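# Residue-level structural notes
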Amino acid sequence: MGLYLVRHTHADETCPARDPQMAPMLLQHLSEPNAKAAGVGIHGEAVIDGEHTLYLILDAADKDTVNSYMQPFAMAGEVEVMEASPCEAVVARGAC
């Protein structure tokens, strides 16, 4: 399994939290059972208050799985998927 950091951003005008249909759909999409069914594990998620930016720490078999899982968020804005490593792995290999 690979580790991934995902950043989703959207404009104030397209904020899905204001959409009475999209907001519950995206929240359900982030549920543990739904993520697991998509082959994704969610380690953490947070929205930066007032910034319209969501960060997720995910694990999955590959980046394509994460990109596919994040497609509903791409409807509201940008999605960036970055390969990542736990701190222990970085120290063990001696480089970031």
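Preceding this section is the structure that the text describes.
Treat the numbers as computed from the prediction; the structure is a model and nothing was measured. The numbering scheme is per chain: residues are counted from 1 as the chain's sequence reads. Per-residue local features of the predicted model are confined to residues with pLDDT of at least 70, and side-chain atom pairs are confined, for both listing and counting, to 80 or more; whole-chain, interface and lining totals are unaffected and use all residues. Excluded from the side-chain calculations are hydrogens and water; all other atoms, namely the structure's heavy atoms, are used.

### Re the environment of C96
Secondary structure elements are taken from DSSP: a helix is a run of H or I of four residues or more, a strand is a run of E of two residues or more, and numbering for both begins at the N terminus. Topologically, C96 is positioned in the segment after α5 (87-93). Note on classification: 1.4 Å probe, protein chains only; a residue is buried when its accessible area is under 20% of the maximum for its type, exposed when over 50%, partly exposed between these limits. Among the residues examined, C96 registers a relative accessible area of 89% and is labelled exposed. It is 9.3 Å that separates the C-alpha atoms of C96 and A84, two residues lying twelve residues apart in sequence.

### Side note on the side chain of H8
Topologically, H8 is positioned in strand β1 (residues 2-9). Note on H8: relative accessible area 2%, which makes it buried.

### Looking at the pattern of salt bridges
Salt bridges are counted wherever a side-chain nitrogen of Lys or Arg sits within 4 Å of a carboxyl oxygen of Asp or Glu. Tallied over the full model, the rule gives two salt bridges. E80 is the salt-bridge partner of R7, the closest N and O atoms lying 2.2 Å from each other. With a gap of 73 residues between them, R7 in strand β1 and E80 in strand β4 (residues 78-84) connect regions that are remote in the sequence. Residue classification places R7 among the partly exposed residues on the basis of a relative accessible area of 29%. For the salt bridge of D12 with R18, the shortest nitrogen-to-oxygen distance reads 2.6 Å.

Read these as layout, nothing more, since geometry by itself doesn't imply function.
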